[in-house]
Amino acid sequence: MISTKMFYLRSIARSKVVVSSSIRFRTLTQEASAEKIQRIVSDISQLTLIEVAELNQVLKTTLKIPDAPVMAYGAGPAVAQAQPKDEEEEAPKAKAQTIFTVKLTKYDETKKIALIKEIKTIVEGMNLVQAKKFVETLPAVVRADIPKEEAEKLSATIAAAGGICEIV
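Here goes a summary of the coordinates provided. Since this is a predicted model, take the numbers as computed values, not measurements.

Pro139 follows Leu138 through a cis peptide bond whose omega is -5°. If you check the backbone angles, Lys64 has positive phi at about 55° while not being a glycine. Tracing the sequence through the fold places Lys64 in the loop between helix 2 (49–63) and helix 3 (87–95). For Asp145, which is not glycine, the phi dihedral falls at a positive 55°.

To continue, consider the sheet that holds strand 1 (residues 100–107). As summarised here, the arrangement of the 3 strands in space is 2-1-3, forming an open sheet in which the pairing is antiparallel. Of all strands in the sheet, those bounded by a partner on one side alone are strand 2 (140–146) and strand 3 (163–167). Looking at each pair of strands side by side, their axes are set apart by 25° on average, direction ignored. The pairing of strand 1 with strand 2 spans 4 bridges and is classified as antiparallel. Bridging from a neighbouring strand, Val102 pairs with Arg143 of strand 2.

With that settled, consider the nonpolar core. If you look at the biggest cluster of nonpolar residues, it comprises 21 residues, and the most contacted ones within it are Val102, Leu104, Leu115, Ile119, Val142 and Ile158. At the level of secondary structure, the elements contributing two or more residues to this core comprise strand 1, helix 4 (112–122), helix 5 (128–136), strand 2 and helix 6 (148–160). Every residue in contact with Val102, bar those within four places of it in the chain, is listed here: Ala140, Val141, Val142, Arg143, Ile146, Ala151, Leu154, Ile158, Cys165 and Glu166.

Let us look at the environment of Thr98. With respect to the helices, strands and loops of the structure, Thr98 is situated in the loop between helix 3 and strand 1. The exposed category is assigned to Thr98, whose relative accessible area is 56%. If we skip the residues at most four places from it in the chain, Thr98 touches Ile146, Pro147 and Lys148.

Conventions adopted
- Residues numbered from 1 in each chain as written.
- Predicted model: local features only at pLDDT ≥ 70, side-chain atom pairs only at ≥ 80, totals over all residues.
- Heavy atoms only, no water.
- Helix = DSSP H or I, 4+ residues; strand = E, 2+ residues; numbered from the N terminus.
- Pairing = 2+ DSSP bridges.
- Axes fitted to C-alpha atoms, helices over the stretch in contact; angles between N-to-C directions.
- Core = buried A, V, L, I, M, F, W, Y, C linked by side-chain atoms within 4.5 Å.
- Buried < 20%, exposed > 50% of the residue type's maximum accessible area, 1.4 Å probe, protein only.
- Contact = heavy atoms within 4.5 Å.

Below is the structure:
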C-alpha cells in the first residue's frame with residue numbers, strides 16, 4: 001500500500017517537472033523568437049528605400065511570391081490584355097452588353113462642392129479629401145461592372161449634383 005502511494009506521488013512529481021520544463025522551454029523559445037524578430041525589425045528600419053525595395057525583390061524570389069498588380073483606389077479590377085479573337089465571337093458580345101462602367105468626365109465648377117459630397121456618399125469608404133482629389137483628377141471611374149439600370153440611376157444622381165457622366 002505504501003509502495004503504490006509512493007509510485008503515485010513519484011509519477012505526479014515527474015509530470016510536474018515535465019510540464020514545468022516544457023513551459024520554461026516555450027517561454028525561452030518565445031523570448032528568443034521575440035528578440036530575433038525585434039532585431040530583424042531594427043535592421044530593416046535602418047535600411048534606405050532602395051535597400052528595402054531590393055530586400056522585397058529578394059524575398060519575393062526566395063519565397064516564390066508572384067508580383068500582384070497594385071490597384072488604384074476606386075478603380076475596377078485590372079483588365080487583361082485583349083487576345084486576338086474571331087469576329088464571330090465578338091459580334092454577339094457587343095450586342096448583349098449587360099455590364100457597364102460609369103465614368104465622371106466633367107463637372108460644373110459652381111456645383112463642385114455638392115458633387116464632392118455626392119461622390120463621397122456614392123463611393124463607399126471615401127472621405128471628403130479623397131472625394132475632392134477624385135473629382136479634380138478627371139476622367140475617373142465612379143463604378144465599374146454594374147447593371148444598366150444602376151448605371152443610369154448613378155449617372156442621374158451625379159448629373160443632379162453637377163457632374164457629367166459617361167456610361168461605357
